[in-house]
Each structure stands twice: as C-alpha cells, then as structure tokens.
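Results of the structural survey
In case you want the letters, here they are:
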Amino acid sequence: MTETRSGALQDPWEMALEQFQRAAQHVPLKRGIREFLAYPKRELTVNFPVKMDDGSVRIFTGYRVHHSTVLGPSKGGIRYHPAVTLGEVRALAMWMTWKCAIAGLPYGGAKGGVVCDPKSLSAGELERLTRRYATEISVLIGPESDIPAPDVGTNAQVMAWIMDTYSMHRGYSVPAVVTGKPVSVGGSVGREEATGLGCAIVAREALRLAGLSLAGARVAVQGFGNVGSVAAAALHRMGAVIVAASDSRGGVYHDRGLDPQALVEHKRATGTVAGFPGARPLTAQEVLEVPCDVLVPAALEGQITRENAARVAARVVVEGANGPTTPEADDLLRARGVLVVPDVVANAGGVVVSYFEWVQDLQAFFWSEEEVRERLERLLARSVHEVWRVSQERGVDLRTAALVRAIERVAEAVHTRGIYP
Ligand code: GLU
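Now for a description of the structure that goes with this document.

Reading guide: rules and limits
Per-chain numbering applies: the sequence of each chain, read as written, is numbered from 1 onward. Thresholds applied to this predicted model are a pLDDT of at least 70 for local features of residues and 80 or more for the giving and counting of side-chain atom pairs; totals over whole chains, interfaces and linings are not thresholded and use all residues. Calculated side-chain values reflect all of the structure's heavy atoms, with hydrogen atoms and water omitted. Elements are defined by DSSP. Helices are runs of H or I of four residues or more, strands are runs of E of two residues or more, and each kind is numbered from the N terminus. For a helix, the expected span equals 1.5 Å multiplied by the number of residues minus one. A simple rule labels every residue: compare its accessible area, found with a 1.4 Å probe on the protein chains alone, to the largest value its type can have, and call it buried under 20%, exposed over 50%, or partly exposed in between. One bridge is not enough; two strands pair if DSSP finds at least two bridges between them. Note on method: axes are straight lines fitted to C-alpha atoms, helices fitted across the in-contact stretch only, with angles between N-to-C directions ranging 0 to 180 degrees. Consider each residue's heavy atoms; a residue with any of them within 4 Å of a molecule or strand counts as near. A 3.5 Å cut-off defines polar contacts: any pair of N or O atoms within that distance qualifies, except that in protein one atom must be a possible hydrogen donor and the other a possible acceptor, and neighbouring residues in sequence count only when both atoms are side-chain atoms. Where accessible areas are quoted, they stem from the Shrake-Rupley method and a 1.4 Å probe; at the residue level, only the protein chains shown are allowed to cover. Within this scheme a cavity is a closed region of a 1 Å grid, computed over the protein atoms alone, that accommodates a 1.4 Å probe without allowing it to escape, whereas a pocket is open but has protein on both sides within 12 Å along at least five of seven lines; lining residues each have an atom within 4 Å of a point. Grid points are joined across faces, edges and corners, and a volume is the space filled by probe spheres set on the points. We call Asp, Glu, Lys and Arg charged. Ala, Val, Leu, Ile, Met, Phe, Trp, Tyr, Cys and Pro are nonpolar, and the rest, Gly among them, are polar.

This next bit is on helix α6 (residues 194-209). End to end, α6 covers 22 Å across 16 residues, agreeing with the expected 22 Å (1.5 Å per residue, within 8%). Within α6, 14 of the 16 residues are buried, which leaves the element mostly enclosed by the surrounding structure. Just beyond α6, the residue with positive phi is glycine 211, at close to 75°.

Below is the structure:
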C-alpha cells in the first residue's frame with residue numbers, strides 16, 4: 001500500500017479494492033467468488049523500443065490489464081501519462097468492470113497505459129510509440145476479445161493509429177478493435193463529447209432525485225480536458241453557473257460565473273485556463289474548496305482525500321474522473337451530508353457511446369447524432385435512477401449502491417456460466 005507522509009490511503013488499487021470490499025459485504029457471495037471478482041484476470045507488462053526524432057532509441061513500459069471478461073469482451077481506455085503504474089491500470093480496469101455492468105453493457109473491464117509524457121513527444125514519436133505499443137498488446141486486443149478507447153493523454157488520432165496497426169497485421173480493416181476513433185474511420189458521432197455530456201446528464205438527474213435544481217447551481221470543475229470542459233459547457237447550457245475551473249497548470253474563479261466557451265478558447269490559445277482575463281487565479285487544489293453547489297473533479301484519481309475533504313464546500317460531488325475520491329474522503333463527505341455521485345455512474349457516458357460505436361462498426365450501419373444522444377440520455381437516466389433506488393432500499397451511499405448492482409450482475413453471470421472446467 002502506498003501511503004502519503006500523512007498516512008492517507010491513496011494508492012488507486014488499494015482504493016478500488018477497499019471500495020469493492022465495502023460493497024461486497026452487501027451481496028451474499030461465496031468466498032471464492034468474492035476473490036474471483038476482486039482480482040484481475042490477466043495483466044500484461046510490455047517494455048518496447050521507440051525510435052526518437054534525434055536518432056536515439058528509448059525503451060518505454062506499457063500495460064494492459066483485463067480485470068474481468070465474465071459479461072463479454074473487456075473494454076477500457078488507454079492512458080498515456082508519466083505517473084502510470086501497474087497498480088493504477090489495475091484499479092482503472094476494475095472500475096471499468098463495474099461501470100459497464102451498471103450501464104448494462106455486454107462487456108468486462110480492462111485498461112491500458114504507457115508510462116510517457118505525451119506532451120513532450122513529437123507527433124512522429126507519438127505515432128511510433130502507439131503503433132509499437134498496439135503491436136505489443138495485439139495478443140490481447142480484438143473486436144471480440146478486448147476493445148481499447150481513449151483515456152487521459154490519448155485521443156481519436158491515437159485510436160486511428162491503433163486501428164490501422166491492428167488492421168495492417170490482419171490484412172483487412174477492423175474498425176471495431178477500438179472505439180473513440182475519428183468518424184472518418186468508423187467512429188461514432190457524439191463519442192468525443194460523450195463523457196462530459198454524460199457527466200452533465202447524470203448531474204442533472206442526481207440533483208433532481210436529491211430535490212435540488214441545476215438551474216442557477218454554482219459549479220466548480222477540476223480538470224478542463226475532454227471531460228471537464230465538455231461537462232462545464234453542457235452544465236452551463238442546462239442553466240448552471242460555472243464559478244471555477246482548473247487544469248494541470250492552474251485555475252480561475254469568478255463569483256458571477258465564467259463562460260465555458262470563452263475558457264475553451266483561452267485554453268486553446270494559451271494551453272491553460274490560468275490567466276483567463278477578469279477572473280481570480282486559483283491552484284488546481286483550491287478549486288476543490290471554492291464555495292459552490294456542485295463540484296466536478298474531472299482530472300485524476302486521489303484528489304479528494306482525508307486531508308481536504310473537510311474543506312470541500314459543495315453539496316454534491318459528481319465524479320467526472322475515475323477514482324477522484326478516496327474511501328476515507330467518502331466517509332468524511334458522507335458524514336457532512338455531501339452527496340457523492342460515483343465515477344462508475346457519472347463518467348459512464350464515454351463507454352456507453354463506445355458501446356454504440358462498436359455496435360455500429362460490427363453492423364457497418366451508422367446512427368445519427370440524435371439517435372446517439374437519445375440513447376445515451378435514456379441509458380444514463382435509467383442507471384442513475386436504478387442506483388438511487390438501490391441506495392434508498394439498502395440504506396447505503398450511491399457508490400456502494402452502484403457497486404452492489406454491478407457485483408450482483410457479474411456474480412449472477414459467474415453462477416450461470418459456472419466455473420470451468
Ligand atoms: N477511458 C474511458 C473511461 O474511463 C472510456 C473507456 C471506453 O470507452 O472504453 O470510462
């Protein structure tokens with residue numbers, strides 16, 4: 001277990017396992033089945049060379065973890081970040097299992113990652129790294145076995161390179177091997193904005209169930225990437241006031257509200273939301289503590305901890321990121337009456353539209369933007385309402401309720417399939 005100097009529980013895998021154990025207490029499971037669900041099915045570590053622009057060769061380390069394949073092929077993104085570890089990828093893979101199960105998708109959970117700083121690589125280096133990593137993990141991925149997608153530090157272009165590399169090895173195009181591709185190579189309309197938009201839809205539904213209104217609600221967003229910026233814009237359209245936003249380089253606050261579109265343009269021009277004209281500067285940590293009604297942590301895991309949970313001023317936390325709240329912080333927030341809408345529900349919009357993309361690729365029959373959006377709205381609203389109901393019936397918090405439903409679904413499939421041989 002990784003402990004900070006202050007002893008806070010922050011290692012993502014420890015967090016994921018603790019969340020699982022808490023929820024599993026509410027599900028009647030035989031010990032062996034409980035252990036089967038707790039641990040990853042398989043983990044691949046690859047060390048591979050990449051030719052750099054200066055002619056040198058650098059060795060990179062990457063991972064692909066399958067947590068579960070019980071409900072179907074495994075699904076989950078690929079992260080490029082300097083702080084990627086096997087433990088982090090393992091945690092993210094487990095969260096994908098629960099996320100897919102709650103949404104009712106026919107998938108298990110997986111995740112991949114490469115230890116690298118994509119911002120410091122040229123486009124050519126990024127392409128060669130991606131093609132070699134895709135080749136290294138090609139023993140695992142495939143449209144019927146394991147389907148990657150974007151995550152922190154990767155995007156539609158990276159997915160296109162993976163799709164092309166896999167297809168070159170096969171000798172024919174296999175668009176369904178990854179999701180989150182550009183529309184020109186078999187991507188789905190609405191995939192790019194699906195996680196952020198989904199987050200706003202889930203926030204709206206959760207607030208409604210809690211008897212709160214989104215109109216006029218004051219929102220702070222940590223992380224202004226593909227999730228945070230799109231969620232901010234969607235929440236703004238739904239009538240909320242975005243009072244604070246941050247990214248890895250800093251943040252901004254404005255009592256009367258920030259215009260998300262202007263913030264996106266400022267970030268496009270300068271590389272950060274920091275320095276947005278007329279707003280008060282903040283650090284990425286301070287954004288978690290500003291006075292607001294809804295906090296959307298949409299950056300990385302382990303942000304709300306036992307150190308700062310008491311200073312979170314929001315009434316509702318909607319987890320755009322995976323794993324932003326540690327289990328200790330969950331307890332502290334609950335004791336203060338703060339409602340936490342967990343990651344596995346709040347950010348499921350991405351994988352839901354990934355599923356739509358995979359279905360469209362397999363059928364070679366593509367949907368309109370309205371069809372994608374309507375199905376996304378319907379599916380997310382259904383899962384928020386289901387998780388809310390389980391939480392009320394069992395007297396547990398929303399994270400536990402979500403994981404209880406997920407664990408029940410996967411466990412039922414294990415029982416029905418039986419233990420092989
Ligand atoms: N990386 C995203 C997530 O954490 C999307 C995964 C997918 O679309 O497969 O949910």
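Right, let's talk about the sheet that holds strand β11 (residues 316-318) for a bit. As summarised here, the arrangement of the seven strands in space is β9-β8-β7-β6-β10-β11-β12, forming an open sheet in which the pairing is mixed. Both outer strands of the open sheet, β9 (280-282) and β12 (339-341), are each paired with one neighbouring strand and no more. Ignoring strand direction, the axes of neighbouring strands in this sheet form an average angle of 20°. Bridge count between strand β10 (residues 294-297) and β11: two bridges; the pairing is parallel. Bridge pairing links leucine 295 to valine 317 in β11.

Time to look at the site of the ligand. Neighbouring residues of the ligand: 14 residues in total, closest Lys75, Lys99, Lys111, Asp151 and Ser354. Within the side chain of lysine 111, an N or O atom sits 2.9 Å from an oxygen atom of the ligand. Note that an oxygen atom of the ligand is positioned 3.0 Å from one of the side-chain N or O atoms of asparagine 322. Taken by itself the ligand offers 290 Å² of open surface, and the protein chains cover 95% of this. For the shell around the ligand, the secondary-structure elements that each account for two or more residues are β3 (74-81), α3 (86-103), β5 (146-150) and α11 (349-363).

Next up on the list: the layout of surface pockets. Roughly 260 Å³ of internal volume is contained in the second largest pocket. Looking at the second largest pocket, it is lined by 13 residues, and the ones nearest its centre are Phe36, Lys41, Val70, Arg417 and Gly418. Among the residues forming the lining of the second largest pocket, the class breakdown is seven nonpolar, four polar and two charged.

Nothing here speaks to function; it is all geometry.
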